[in-house]
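# Examining the three-dimensional arrangement
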Amino acid sequence: MKKIMGEQRRQLLLDKLKETADPLKGGELASLMGVSRQVIVGDMTLLKAKGEPIIATSQGYLYMRETADDDLYRVLACFHKPEDTQDELYVLVDAGVTVKDVTIEHPVYGELTAGIHVSSRREVDMFMQRVRETGASYLLELTGGLHLHTITAPNVAILEQAMNDMRAAGYLLEESE
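No experiment lies behind these values; they were computed from the predicted model shown.

### Some details on the overall build of the protein
Counting its regular elements, the protein contains six helices and six strands. Order of helices (α) and strands (β) in the protein, N terminus to C terminus: α-α-α-β-β-β-α-β-β-α-β-α. Dimensions of the protein along its principal axes, counting C-alpha atoms only, are 65 × 35 × 30 Å. Evaluated residue by residue, the protein yields a buried proportion of 39% over its 177 residues. Sequence separation of at least 24 residues holds for 71% of the intrachain contacts in the protein that already meet a minimum separation of 6.

Structure below.
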């Protein structure tokens, strides 16, 4: 594969991201462009700096399209131990929602948000495998288990089902009466 240079490569990367709804791994993009994965990381950083809505997830890079007008979201306050993360994500995706991100309030850095973007058990399993492979910590470990999730769904009934299922599992943090 012939190496594609600078601005042309970044435009091709942007086009590739826009034409698919699936995450694209840095290694795959590097191979496609004839460059190293680190060059792709730099390219993505430059594209983000130009205002392109690209996010890095555990499954790869995604171009964030604006959600449809009828796409609804909720932010859930959650609390659990790190070892309950997979089960919590299963509860949410089994209800039919997409878990967009996780947010914590850090005492030094303020609000920290990381994209998760999982909609199925398979995607949760891939996320969990990536956590294990990298030895990464969960953000909730910085707050003793307290965190927020942004979830999306096509209708209110699915959002309500997710909240009810989270409540039943004991993961939903709610105000005391």
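### Considering the UniProt feature "domain: 3H" (unreviewed entry) in the protein
Those residues carrying the UniProt feature "domain: 3H" (unreviewed entry) are residues 77-172 in this numbering. For residues 77-172, the helix share is 40%, the strand share is 30%, and the end-to-end C-alpha distance is 6 Å.

### Observations concerning the pairing of strand β6 (residues 146-153)
Along β6, six of the eight residues are buried, which leaves the element largely enclosed by surrounding structure. Pairing of strand β4 (residues 98-106) with β6 involves five bridges; the strand directions are antiparallel. Bridging from a neighbouring strand, V99 pairs with I151 of β6.

### Some remarks on a nonpolar patch on the surface
On the surface, Y73, V75 and L148 cluster together into a nonpolar patch covering about 300 Å² of accessible area. Turning to its location among the elements, L148 is positioned in strand β6.

### Concerning the pattern of salt bridges
Two side chains with opposite charge may pair up if their charged atoms get near one another. Applying the stated criterion to the full structure yields seven salt bridges. Here D43 makes a salt bridge to R9, at a shortest N to O gap of 2.4 Å. Taken together, the residues D43 in helix α3 (residues 37-49) and R9 in helix α1 (residues 6-18) connect sequence positions 34 residues apart. Across the pair D94 and R121 runs a salt bridge, and its minimum N-O distance is 2.7 Å. Linking D94 in helix α4 (residues 85-94) with R121 in helix α5 (residues 121-134), this pair joins segments that are 27 residues apart in sequence. Residue D94 is classed as partly exposed on the basis of its relative accessible area, which comes to 47%. Owing to a relative accessible area of 42%, R121 belongs among the partly exposed residues under this scheme. Through salt bridges that share partners, E7, R9, R10, D43 and K50 make up one connected network.

### Remarks on the side chain of H149
Within the secondary structure layout, H149 lies in strand β6. Its relative accessible area of 2% is what places H149 among the buried residues. At 2.9 Å, the side chain of H149 and the backbone oxygen of D101 are in polar contact. Within the structure, the side chain of H149 is placed 3.3 Å from the side chain of H147, a separation counted as a polar contact. In this structure H149 touches R74, V75, L76, C78, E88, L89, L92, V99, D101, V102 and I116, once residues within four positions along its chain are discounted.

### Looking at the sheet that holds strand β5 (residues 110-118)
Read from one edge of the open sheet, four strands run β3-β6-β4-β5, paired in antiparallel fashion. Two strands close off the open sheet at either side, each with one partner strand: β3 (72-79) and β5. This sheet shows a mean twist of 20° between the axes of neighbouring strands, independent of strand direction. Against the sheet, helix α6 (residues 156-169) touches β3 and β6, its axis set at about 5° to β3.

### Points about α1
Over its 13 residues, α1 extends 18 Å from the first C-alpha to the last, a length consistent with the 18 Å expected when each residue adds 1.5 Å. Taken together, the buried residues of α1 touch α2 (26-33), α3, β1 (54-57) and β2 (60-63).

Procedures and definitions
- Residues numbered from 1 in each chain as written.
- Predicted model: local features only at pLDDT ≥ 70, side-chain atom pairs only at ≥ 80, totals over all residues.
- Heavy atoms only, no water.
- Helix = DSSP H or I, 4+ residues; strand = E, 2+ residues; numbered from the N terminus.
- Buried < 20%, exposed > 50% of the residue type's maximum accessible area, 1.4 Å probe, protein only.
- Contact = heavy atoms within 4.5 Å.
- UniProt positions renumbered as here; feature names shortened; annotations may be inferred.
- Pairing = 2+ DSSP bridges.
- Patch = residues over 30% accessible without salt bridge, like charges linked within 9 Å, V, L, I, M, F, W, Y side chains within 5 Å.
- Areas by Shrake-Rupley, 256 points an atom, 1.4 Å probe, with all protein chains shown as cover.
- Salt bridge = Lys/Arg side-chain N within 4 Å of Asp/Glu carboxyl O.
- Polar contact = N/O pair within 3.5 Å; in protein donor to acceptor, adjacent residues only side chain to side chain.
- Axes fitted to C-alpha atoms, helices over the stretch in contact; angles between N-to-C directions.
- Expected span 1.5 Å × (residues − 1).

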